[in-house]
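Coordinates in review
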Amino acid sequence: MTPIDLTSSPMGAKPPVPTDKRDAALFQAAQDLEASFLAEMLKSAGFGKPRDAYGGGIGEEQFGSFLRQEQAKEMVKQGGIGLAESLFEALKERADAE
């Protein structure tokens, strides 16, 4: 198993992808958690909120969560905020301890 340097990277820099199957699964889980966190932050910021006038009605409100989740996934693909790398390291330490 080759070690991977996952020190925090600047925003916009894509993190390295682990080649080990277990590490790749852990890294995917970490990215999913970061995307969920970012989606909640986007929700708090009002992203995807229906407009007051001439909005799409109840459908726009219901599908806003899908828009936020996909936007968050794209943010993570582009490097995110570095949370996935930290989560990956924590998950990997825990898995190695077991």
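Predicted, not measured: the structure shown is a model, and the values here were computed from it. (Residues numbered from 1 in each chain as written. Predicted model: local features only at pLDDT ≥ 70, side-chain atom pairs only at ≥ 80, totals over all residues. Heavy atoms only, no water.)

1. Details of the side chain of Q31
Here Q31 lies in helix α1 (residues 21-45). Classification of Q31 as buried rests on a relative accessible area of 19%. Apart from residues no more than four positions distant in its own chain, Q31 is found in contact with V76 and A84. (Helix = DSSP H or I, 4+ residues; strand = E, 2+ residues; numbered from the N terminus. Buried < 20%, exposed > 50% of the residue type's maximum accessible area, 1.4 Å probe, protein only. Contact = heavy atoms within 4.5 Å.)

2. Some points on the nonpolar core
Formed by A35, L38, A39, L42, A72 and V76, the largest nonpolar core amounts to six residues. By residue number, the principal contributor to this core is α1, which donates four residues. The contacts of A39, once residues within four sequence positions are left out, are R68, Q69 and A72. Ranked by size, the runner-up nonpolar core spans five residues in total, among them L26, F27, A30 and A84. (Core = buried A, V, L, I, M, F, W, Y, C linked by side-chain atoms within 4.5 Å.)

3. Points about helix α2 (residues 58-77)
Each turn of an α-helix holds 3.6 residues, which means side chains three or four residues apart point in the same direction. For α2, spanning 20 residues, the distance from its first C-alpha to its last is 30 Å, which sits close to the expected 28 Å at 1.5 Å a residue. At G64, α2 shows its maximal bend, which comes to roughly 35°. Of all the residues in α2, the buried ones are G64, R68, A72 and V76. Just downstream of α2 lies G79, where phi reads positive at about 120°. (Expected span 1.5 Å × (residues − 1). Bend = angle between axes of the 7 residues up to and from the residue.)

4. What about the confidence of the model for the chain?
Per-residue pLDDT for the chain averages 81, and the proportion of residues at 70 or more is 76%. Within the model, the stretch residues 1-8 combines pLDDT values under 50 with 15 contacts to residues more than four positions away or in other chains. (pLDDT = per-residue confidence, 0-100.)

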